[in-house]
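Observations on the model geometry
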Amino acid sequence: MTTTDEVVPAYPFDQPQALQPPREWAEARQGCPVAHVRMPSGDVVGLVTGYDDARALLSDPRFNRRLDKPGAAKTSNTEDGGLFSRENEATSSMMGEGHRRYRRLLTSAFTVKKMELWRPRIQEMTDELLDGVIAKGGPVDLRTEFALPLPVRVICALVGAPASDQDRFAHWSEVMMTTTKYTQAEVDEALREFGAYASALVEEKRANPQGDLISELTQISDSEDGRLSHAELVQTVVGLLLAGHETTSNMIAKMTALLLADRALYEAIVDDPSLVPGAVEESLRLDPVGGLGIPRFITEDIEVGGEPVPAGTTLFVNLSAADRDERKFEDPDSFDLRRANAQQHLAFSAGPRFCVGQTLARVELQVVLASFVRRLPELRLRDEPESLSIRTGVVATGLDELWVTW
């Protein structure tokens, strides 16, 4: 993919309004199946924005998301190339059959049945935080006061980490997911500190197991999948604490903003709370701030949408752009509370590397929205939707803040 600086747009694209997707998403879908874009590292990659092409790539087990291979593009302007380019002992063991073994162990902990058992506890945490928000009185920054602390409390309880460390998790996560915001020295420090924290937690759970996920995983010794190594357990803790709060925190704020920007949507759910599950799925589908997307390193010559893609190419699958494909979703830019196929979105990826925590995320989002419409029926944005701003310079993007009142 050789071309000139003048014809290759910078990626991620500029987004003048936080709740409106970049115009380049639609332009890319209407153009060739694989657009060329330039990452913050300076490397050129292919961008996939069509729904069918995206699902096919995500479901193809031949191609992985690790970009530490020779010839793979770097995403960040840091020396290590960013989140997807980092290799360690654990990630190396989680390839091929190792990955399938690891996924079987982890997926069994996140079944629908097990996550539904967490719903009452998530409701308690939600109510406790909402008590504080309501007592404080509006306006409040919902991101700071609610959207960030709730998923941290939930994932900490699940993993067995103290929720009082939430500020540390938030900092480490943001630094590790940098594209342009932090230096290599800051990344290295975050990796060391987060790794040491996770290692100590694993040792503690191994010595004194409790009723949490990490304790359960440390005790596995005779299953068909075998025992997880210490490095794999550390990587599991880091991955769960990172993904388990960052993406859900962002989505709580984005979902709320989308519904309050067109307040008739929110009022419809207040009047009919049975719309909550559909509203959650449509919020996930309509996410206007989708971040970089999911990378795939192509190891053999293939075709995407009929266009040849040579081996050695790095592709990024933009899930949010694909979820606005008019060939899959009718009137895709509208928020339809009763959209029949909304749950076919790709927000949690697809194929063998789908998000194992998707059931937990859905439960959290459903509990949050149901609680909002029940306890804060007059909830509204303090400012105009056009004034909302986006956190930039990191892989998992979201709103800077979300001021609301009632």
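Check the entry above for the structure.
Figured I'd write up the structure that's included with this text. In this numbering scheme, every chain counts its residues from 1 along its sequence in written order. Side-chain atom pairs in this predicted model are given and counted only at pLDDT of 80 or more, local residue features only at pLDDT of at least 70, and totals for whole chains, interfaces and linings cover all residues. For side-chain calculations, the full set of non-hydrogen atoms in the structure is used, while hydrogens and water are omitted.

**Comments concerning the packing of aromatic side chains**
Here is the rule: Think of it this way: a Phe, Tyr or Trp ring, Trp meaning its six-membered ring, pairs with another when their centres are within 6.5 Å, and the plane angle makes it stacked under 30 degrees, edge-to-face over 60, tilted otherwise. Only protein chains enter the calculation, and the probe is 1.4 Å; a residue is then buried if its accessible area is under 20% of its type maximum, exposed if over 50%, and partly exposed in between. Secondary structure elements are taken from DSSP: a helix is a run of H or I of four residues or more, a strand is a run of E of two residues or more, and numbering for both begins at the N terminus. For a ring to carry a charge above it, either NZ of a lysine or CZ of an arginine must fall within 6 Å of the ring centroid while also lying within 35 degrees of the normal to the ring plane.
As enumerated under the stated definition, the model contains nine aromatic pairs in all. For the ring pair Tyr11 and Phe13, a centre distance of 5.2 Å and an interplane angle of 80° mean the geometry is edge-to-face. Accessibility assignment for this pair places Tyr11 and Phe13 in one class, buried. Note on Phe169 and Tyr197: the rings are 5.4 Å apart at their centroids and 75° apart in plane angle, and the pair reads as edge-to-face. Separated by 28 residues along the polypeptide, Phe169 in helix α9 (residues 166–176) and Tyr197 in helix α10 (residues 184–207) bring together distant segments of the chain. Classification of Phe169 by relative accessible area gives buried; the value is 0%. A residue is classified by how much of its surface remains accessible, and Tyr197, at 13% relative accessible area, is buried. Sitting over the face of the ring of Phe329, Arg285 holds its NZ or CZ atom 5.1 Å from the ring centroid.

**A short note on helix α2 (residues 51–59)**
What counts is decided by this rule: This arc is taken over the directions from the axis of the helix to the C-beta atoms. Between two residues, a contact is recorded if the distance between any of their heavy atoms is within 4.5 Å.
Every buried residue of α2 is listed here: Tyr51, Ala54, Leu57 and Leu58. Down the axis of α2, the buried set is contained in an arc of 135°. They therefore lie on one face. Here the buried face of α2 lies against β2 (44–48), β4 (294–297), β5 (302–304), β7 (314–317) and α15 (319–322).

**Focus on the sheet that holds strand β1 (residues 34–38)**
In plain terms, the rule: Pairing between two strands requires that DSSP report at least two bridges joining them. The axes used here are C-alpha line fits, helices contributing only the stretch in contact, and every angle between their N-to-C directions lies in the interval 0 to 180 degrees.
Ordered in space as β1-β2-β7-β4, the four strands form an open sheet in which the pairing is mixed. Looking at which strands have only one partner, the edges of the open sheet turn out to be β1 and β4. In this sheet, adjacent strand axes meet at a mean angle of 35° when their direction is disregarded. Where β1 lies against β2, five bridges are found, and the strand directions are antiparallel. The partner of Val34 across the bridge, within β2, is Val48. Together, β2, β4 and β7 form the strand contacts of α2, whose direction differs from that of β7 by roughly 120°.

**What to know about unusual backbone geometry**
Cis rather than trans, the peptide bond between Tyr11 and Pro12 has omega equal to 5°. With respect to the helices and strands, Pro12 occurs in the segment before α1 (23–30). Here Gly138 and Pro139 are connected by a cis peptide whose omega angle stands at 0°. Residue placement: Pro139 occurs in the loop between α6 (119–136) and β3 (140–141). The phi angle at Asp331 is positive, at roughly 45°, despite the residue not being glycine. Tracing the backbone shows Asp331 in the loop between α15 and α16 (358–375). With phi around 65°, Ser349 is a residue other than glycine that occupies positive phi space. Structurally, the position occupied by Ser349 is in the loop between α15 and α16.

**What about the side chain of Thr248?**
The topology assignment puts Thr248 in helix α12 (residues 230–261). What Thr248 contacts, discounting residues up to four positions off in sequence, is Pro151, Ala361 and Glu364.

**Side note on the pattern of salt bridges**
For side chains of opposite charge, pairing can occur when their charged atoms come near one another. Which entries qualify depends on this criterion: Here, a salt bridge means any side-chain nitrogen of Lys or Arg that lies within 4 Å of a carboxyl oxygen of Asp or Glu.
Applying the stated criterion across every chain yields a total of 25 salt bridges. For the salt bridge of Asp60 with Arg62, the shortest nitrogen-to-oxygen distance reads 2.7 Å. According to the relative accessible area criterion, Asp60 is buried, its value standing at 15%. Note that Glu145 and Lys136 form a salt bridge whose closest N and O atoms lie 2.8 Å from each other. Assessed through its relative accessible area of 28%, Glu145 is described here as partly exposed. Through salt bridges with shared partners, a single network forms among Asp127, Asp131, Arg374 and Arg375.

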